[in-house]
Amino acid sequence: MDRRTACLHQADAFREKALADPEHHDQWIDEAIKWLERAMEAGRRAAIAVETDEGSHGPEANRTPLIETTDSHRRIIARQ
């Protein structure tokens, strides 16, 4: 499992804790947000690495930023 996926799983776990523990809901949501931010950062790092590797193989127009594909996997967590 890559770092981004592991971070997303942690965020999901804290979101579930928030739903199960209304008394500490905000605390668990804060933790979930931290893990989502870590997942986004891991996705950015992977995109930069892939883009750098692709740079030597062809013109810039052929590169597809990986960040666009990771944005579609964002999860929205809101305080209640």
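Use the structure listed above.
Here the structure is a predicted model, which is why all the values come from computation and not from measurement.

Caption draft 1: Examining the nonpolar core more closely. Judged by nonpolar contacts, Cys7, Leu8, Ala11, Phe14, Ala18, Trp28, Ile29, Ala32, Trp35, Leu36 and Ala39 together constitute the single largest core of 11 residues. At the level of secondary structure, the elements contributing two or more residues to this core comprise helix H1 (3-20) and helix H2 (25-54).

Caption draft 2: View of the pattern of salt bridges. Across all of its chains, the model carries three salt bridges by this definition. Here Arg15 makes a salt bridge to Glu16, at a shortest N to O gap of 3.5 Å. Exposure remark for Glu16: the relative accessible area of 44% places this residue in the partly exposed category. Between Glu41 and Arg44 there is a salt bridge; the shortest N-O distance is 3.2 Å. On the criterion of helical spacing, the pair formed by Glu41 and Arg44 is a turn pair, its members being three residues apart in helix H2. Accessibility expressed as a relative area gives 33% for Arg44, which makes it partly exposed.

Caption draft 3: Highlighting H1. Taking 1.5 Å of rise per residue, 18 residues should cover 26 Å, and H1 covers 26 Å from first to last C-alpha, within 8% of that figure. For H1, every residue scored as buried is listed here: Arg4, Cys7, Leu8, Ala11, Phe14 and Ala18. An end-on view of H1 places all buried positions within 125° of arc, on one side of the element.

Caption draft 4: Region of interest: the packing of aromatic side chains. According to the stated counting rule, one finds one aromatic pair in the structure shown. Both rings, one in Phe14 and one in Trp28, keep their centres 5.7 Å apart while their planes meet at 25°; by these two values the pair is stacked. Placement of Phe14 in helix H1 and of Trp28 in helix H2 is noted, with a sequence separation of 14 residues between them. Taken as a pair, Phe14 and Trp28 share a single burial class, namely buried. One cation-aromatic arrangement involves Lys17 over Trp28; the distance from NZ or CZ to the ring centre is 4.6 Å.

Here is what the cut-offs are and how they apply
- Residues numbered from 1 in each chain as written.
- Predicted model: local features only at pLDDT ≥ 70, side-chain atom pairs only at ≥ 80, totals over all residues.
- Heavy atoms only, no water.
- Core = buried A, V, L, I, M, F, W, Y, C linked by side-chain atoms within 4.5 Å.
- Buried < 20%, exposed > 50% of the residue type's maximum accessible area, 1.4 Å probe, protein only.
- Helix = DSSP H or I, 4+ residues; strand = E, 2+ residues; numbered from the N terminus.
- Salt bridge = Lys/Arg side-chain N within 4 Å of Asp/Glu carboxyl O.
- Expected span 1.5 Å × (residues − 1).
- Arc of directions from axis to C-beta.
- Phe/Tyr/Trp six-rings, centres within 6.5 Å; stacked < 30°, edge-to-face > 60°.
- Lys NZ or Arg CZ within 6 Å of the ring centre and 35° of its normal.

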